Amino acid sequence: MKTVCCTICPNCCTIEIDEISLEGKGNLCPRGLEFAKHEIKDPQRTVTTLVKTTFKNFPVLPCKTNKAISKDKIFDVLEGTKKIVVDKKLKVGDKIASNIGGTDADLIATANII
């Protein structure tokens, strides 16, 4: 049995799940059990980081992946961001890079450079 803390809703259920059968208990809603199963099979996270810019008044730009990626790819994404230097004005949600770190996720801006 493995214990997983669900982050899907405000209940923050503590779910005990069998790693073989994927049967669980402790979830207050069906989404919690699905989260726990996914967390056991392929844990994923959205990556947030900073990239450099050429703007003196805005030397770094906060950004994130546009979707969750496998946890084992996080360092590949971060390595890919080291090579990025933003040299144009962007708005929240604008794409900075595609297929970042060999994932099928895009890196998007989470702040405006105007």
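Every chain begins its residue count from 1, and numbering advances along the sequence as written. Totals for whole chains, interfaces and linings use every residue, but because this is a predicted model, local features are given only for residues with pLDDT of at least 70 and side-chain atom pairs only at 80 or more, for both listing and counting. Side-chain metrics rest on all non-hydrogen atoms present in the structure, leaving aside hydrogens and water.

1. Quick notes on the side chain of Thr81
Phase 1: Helix and strand definitions follow DSSP, with helices as H or I runs of at least four residues and strands as E runs of at least two, each counted in order from the N terminus. Its place among the elements puts Thr81 in helix H2 (residues 74-81).
Phase 2: Here the term buried applies to any residue with accessible area under 20% of the maximum for its type, exposed to any over 50%, and partly exposed to those in between, with areas from a 1.4 Å probe on protein chains only. Relative accessible area serves as the criterion here: at 6%, Thr81 is assigned to the buried category.
Phase 3: The definition of a polar contact used here is a pair of N or O atoms within 3.5 Å, where within protein one atom must be able to donate a hydrogen and the other to accept one, and adjacent residues in sequence count solely through side-chain atom pairs. A distance of 2.7 Å separates a polar atom in the side chain of Thr81 from the backbone oxygen of Leu78.
Phase 4: The contact rule is simple, with two residues in contact once any of their heavy atoms fall within 4.5 Å. Residue contacts for Thr81: discarding those within four places in its chain leaves Thr49, Val51, Ile100 and Leu107.

2. Describing the pairing of strand S5 (residues 48-55)
Phase 1: Along S5, the buried face is formed by Thr49, Val51, Thr53 and Phe55; none of Thr48, Leu50, Lys52 and Thr54, which line the opposite face, is buried.
Phase 2: For two strands to be treated as a pair, DSSP must find no fewer than two bridges joining them. The turn joining S5 and strand S6 (residues 58-65), which pair antiparallel and follow one another in sequence, is formed by two residues.
Phase 3: As judged from the two bridges shared by S5 and strand S8 (residues 85-86), these two strands associate in the parallel manner. Among the inter-strand pairings, Thr53 is bridged to a residue of S8, identified as Val86.

3. As for H2
Phase 1: Considered for burial, the residues of H2 that qualify are Ile74, Val77, Gly80 and Thr81. Angularly, the buried residues of H2 cover 125° about the axis, an arc narrow enough to put them on a single face.
Phase 2: On its buried face, H2 is in contact with strand S4 (44-45), S5, S6, strand S7 (69-70) and strand S10 (107-109). Taking the helix axis as origin, the arc is that swept by the directions to the C-beta atoms.

4. So, the sheet that holds strand S3 (residues 24-25)
Phase 1: Spatial strand order, S1-S2-S3: three strands in an open sheet with antiparallel pairing. In the strand order of this sheet, the two ends are held by strand S1 (2-5) and S3, each with one partner.
Phase 2: Across two bridges, the pairing between strand S2 (residues 14-17) and S3 is antiparallel. Residue pairing in the sheet places Glu16 in a bridge with Lys25 of S3.
Phase 3: The strands touched by helix H1 (residues 30-41) within the sheet are S1, S2 and S3, with S2 carrying the most contacts at an inclination of about 55°. To obtain an axis, a line is fitted to C-alpha atoms, over the contacting stretch when the element is a helix, and the angle between two such axes runs from 0 to 180 degrees between their N-to-C directions.

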